[in-house]
Each structure stands twice: as C-alpha cells, then as structure tokens.
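Results of the structural survey
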Amino acid sequence: MPQMVIHTFNPKPEQRILVTSDVHGYGHWLQALLVQSKFSLDDILVIIGDLIEKGPDSLGTLRQVVQLEQQSNVYVTMGNVDAGRLQMLDGNPAELLQYTDFMRRHWGGCLFDQMAREIGVPLETSEDARRFCKEVNRYFDQELSFLRSRPTILETPDYIFVHSGIPHERLWELKETVAWPYLKTDLFMCQEYCFDRWVIVGDMPSTLYNMCRHDCNPIIDHQRHKMSIDGGCGLKVYGQLNMLCIQKGGFDFQYYDNLPKAVIQTPQQPSADSVQVTYLERKVALIQKGPSQSLVRHVATGRELWVRNSWLRYHDGQWSVKDDYTDYKIGVQPGDVVSVVLQEDGDWLIKKDGIAGWYTGDLELA
Ligand SMILES: [Mn+2]
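Residues numbered from 1 in each chain as written. Predicted model: local features only at pLDDT ≥ 70, side-chain atom pairs only at ≥ 80, totals over all residues.

**Examining the overall build of the protein chain**
Applied cut-off: To qualify as a helix, a DSSP run of H or I must reach at least 4 residues; to qualify as a strand, a run of E must reach at least 2; elements of each kind are numbered from the N terminus. Residues with at least 20 other C-beta atoms within 10 Å of their own are called buried, those with 12 or fewer are called exposed, and the rest are partly exposed. The C-beta atoms themselves are positioned from the backbone. Here the contact rule is simple: place C-beta atoms from the backbone, and any two residues whose C-beta atoms are within 7 Å are in contact.
Summing up its helical and strand segments, the protein chain has nine helices and 24 strands in all. Along the first, second and third principal axes, the C-alpha atoms of the protein chain reach 60 × 55 × 40 Å. Within the protein chain, the proportion of its 366 residues that are buried is 41%. Nonlocal contacts in the protein chain, meaning residues at least 24 apart in sequence, comprise 68% of its contacts between residues at least 6 apart.

**Focus on the nonpolar core**
So the rule is basically this: As used here, a nonpolar core is made of buried Ala, Val, Leu, Ile, Met, Phe, Trp, Tyr and Cys residues. They are joined through C-beta atoms within 7 Å.
Counting residues in hydrophobic clusters, the biggest one holds 65 residues, and the most contacted among them are V19, V46, I48, F161, V162, I200 and L241. Dropping the residues within four chain positions of it, I200 is found in contact with V19, I48, Y159, F161, M227, I229 and L244. Counting residues in each nonpolar core, the second largest holds 16 residues, with V332, V341, I350 and A356 among its members.

**Focus: the sheet that holds strand β3 (residues 44–47)**
This is how it is decided: Pairs of strands are assigned from DSSP output, requiring at least two bridges between the strands. As a rule, the C-alpha atoms of each element are fitted with a line to give its axis, helices using only the stretch in contact, and angles between N-to-C directions run from 0 to 180 degrees.
The strand order across the open sheet built from five strands is β4-β3-β2-β11-β12, with neighbouring strands paired in mixed fashion. What marks the edges here is a single partner per strand, and that holds for β4 (74–76) and β12 (250–256). Across the sheet, the axes of successive neighbouring strands diverge by a mean angle of 20°, strand direction being ignored. Pairing analysis gives four bridges linking strand β2 (residues 17–20) to β3, with the strands arranged parallel. Within the sheet, the bridge partner assigned to L18 lies in β3 and is L45. Those strands touched by helix α1 (residues 27–36) are β2, β11 (241–247) and β12, and its axis lies near 130° from that of β12.

**Overview of the pairing of β12**
In terms of strand pairing, β11 meets β12 through seven bridges, oriented antiparallel. The residue of β12 that forms the bridge with N242 is Y255.

**Describing the domain arrangement of the protein chain**
Definition in use: For the domain bounds, the source is a domain assignment made automatically or taken from a database. Charged means Asp, Glu, Lys or Arg here, nonpolar means Ala, Val, Leu, Ile, Met, Phe, Trp, Tyr, Cys or Pro, and polar covers whatever is left, Gly included.
What the domain assignment lists for the protein chain is domain 1 (6–79 + 150–256) and domain 2 (261–365). Each partner contributes residues to the interface: domain 1 has 14 residues there, and domain 2 has 17 residues. A per-class count over the side of domain 1 that touches domain 2 returns seven nonpolar, four polar and three charged.

**Some thoughts on the packing of helix α4 (residues 93–107) against helix α6 (residues 126–139)**
Going by this rule: Orientation is classified from the angle alone, with under 35 degrees giving roughly parallel, over 145 giving roughly antiparallel, 65 to 115 giving roughly perpendicular, and any other angle giving oblique.
Two elements in contact, α4 and α6, have axes whose closest approach is 8 Å; the angle formed by their N-to-C orientations is 105°. Looking at the two axes, α4 sits roughly perpendicular to α6. Facing α4, whose interface residues are P93, A94, L96 and L97, α6 presents S126, A129, R130 and C133. Counted by class, the contact of α4 with α6 contains six nonpolar, one polar and one charged residues.

**Observations regarding the pairing of strand β6 (residues 159–162)**
Neither face of β6 is open: one carries Y159 and F161, the other I160 and V162, and all of them are buried. Linking two consecutive strands that pair antiparallel, namely strand β5 (residues 153–155) and β6, is a turn of three residues. Summarising the sheet, β6 and strand β7 (residues 198–201) pair through three bridges and their orientation is parallel. Residue pairing for β7: Y159 is matched across the bridge by W198.

**Some thoughts on helix α3 (residues 80–89)**
Buried within α3 we find N80, V81, D82, A83 and R85. The inward-facing, buried residues of α3 contact α5 (111–119), α7 (141–148) and α9 (180–183).

**A word on the sheet that holds strand β15 (residues 283–288)**
A sheet is described by the order of its strands in space; here five strands give the open sequence β17-β16-β15-β19-β18, paired in antiparallel fashion. Each of the sheet's edge strands pairs with one partner strand only, and the pair in question is β17 (304–308) and β18 (312–315). On average, adjacent strands in this sheet sit at an angle of 50° to one another, irrespective of strand direction.

Spelled out as structure tokens, the structure:
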C-alpha cells in the first residue's frame, strides 16, 4: 500500500508555476506544450501524476519525465495509475498478466508490454510473468525507483498539488496514512470543503463535471479554492493536455492537442441550451427513434436530447450512450481556426478554445 508522502517547495515571488497532469503516455504532447508555454529554468513545473498508460508511449514518457525531473525546478507527484502499476509489480504475477492482456486488447499495449519487449522477455504465460517481475526491477531500476519515490502531495505556502483530492487542509493529520484516498477520490470538485490554500488536482477529466457540453478547460472554484485541470488527454477523442500558469497569484492556461486544424467557412450560432451525457451516467430512455438521430431522456438528470444513432447502445433492456455525447452546437465565425475531432453524417464535431460541439457548416482543412 502506498504511504502518504508530502514534499514542500518555496517558489520565488513572481516566479511562474506551470502545472499539468495526466500525461498518460503522451510525452510528445507534453514536450510540445512545454515549448508552447516557453518553459524555462526561470519557471517551476509541477506534474500532478498519472504519467503512464492509455497513450502511445508510457515508457518513453516515463523516461522523458525522469530526465526532466533532474532539473531542480521540476516536481512530479504520484497518480493512482502510477501507484497501481507499482503495486502490480509487487503483487501476483497472474494479475499483472491479466492486466497486460486487457490493455493490449483495449489500448494497444501498456507499460509492462513495452518493458517486456525491451528486455526481450515474452509476457504470455504465468511463468513469463514471474520472470518479468523478477527482471524488471533490475533492468528498469532508474524508472521504477523514480516512480516509487513520487510524493503524494506537494505543498507551497499558497498551493497544494495532489492527484485526486484531499478531504481537508490539516495535512499533518494525513501524514503516514495510506495514500490511496488522495490518489483516487470521487468528484473532488463537488465536495463541500472550502480550503484556504488553493488545492489543484488532475485525475478526472474536467469535462466530466459539465452537464451541458464537452469542456476540457480547467475548472476554477474561486469560492472553495480548488481547481481541476485534467484536459482528458488520451482518454477523450476531443481531449487535450492542459497547462495551468500561475503567476503573481493569477491563473491562466494553455493547452495542446494534435487534432487536425480547419478554417470555418459558415457562421453558426451556439445552442442556447444543451446536454452532455458522459460514461459516468450513460443510461438513457428512448422516446422517439429517428432515421439518423433519436430523442432520448437522460436517466440521471431527466433532461431530453437528440443523440446520433451510432452513439446509442441497447443491452439487457437498457439504452445507453457508448461514449460521452453532447447535442451542443458550437458558435463559430468564418475564419475561426478550430480542431477537427470527427465527422458524422456530414456534420463535424469540432473544438474551439477547449470546448467541443457540433458544426453543420462548411470548413476547410488546414
Ligand atoms: Mn488518475
């Protein structure tokens, strides 16, 4: 069980603090975002956990961050996924094998898969898995020691950085407890506690809090002093890697995604009202089936929306959406440069300023 560890640092007054989280194997996005935000030795960089899994290169990303962290101005905390993989290496090899197999089928691979290939150990049988667990610590000592030594919490006089959340600010009471509740907590932004210092978390894509549309931008709660910055990098087709910039007590942010860019040709007014259904509460009731879209009622909220039929699933007498869905129509002007997420029945799902929605006009791919 990972133990709660707190590290402290003191930024200089006026020093810029850049904060990102949940890189999930997208090291090349992190690199692009560091260039985009002009990160230098004058700044501080904080990465709030979940470096690996789901993206294309977990091992490469881990190594990239190991290198980066050798700079004295870079701080990296533990994420639940990072901690989960470390626990698997110390646990039952059969479980590790089962997990690797699952990740190969659903995500095209994982950290263990990459590591096994690099050592040249197959990872197919329980005998292989036992051998892998023995060899892996020796071969990947630098990477795994780095991951094992990540703190749970980073604190400064004004900020607390933690992967998923904390129940209150009395950090001394949390010391030497099990770290799990702070690496994985439910809906931290909905929890009532108000903090004096700002608490900044990742872990859950911020869009999952939004009832109306796909919004990947950080959520800033000025009343409770907390902020959720996970842009859904690697987890959402419309996701992005967010970089929060803290300077002189103010907040600003940038993001990176590598979606194709396009120029808007036709103006479109935004929807006055819209609904987002996410995988957290995906059940819907069918009201009216149409040829390409159907009218449904979202079971959790009672709100009605039209859903494209290709997003609808029927299983065991229950309708649901296969993935996050919104009926939001995005507001755009000719000349706007947008990211193109996907095309469906001649309509586009596009993203502008971190918010994704449907567009029925013409666009020109850049
Ligand atoms: Mn996480």
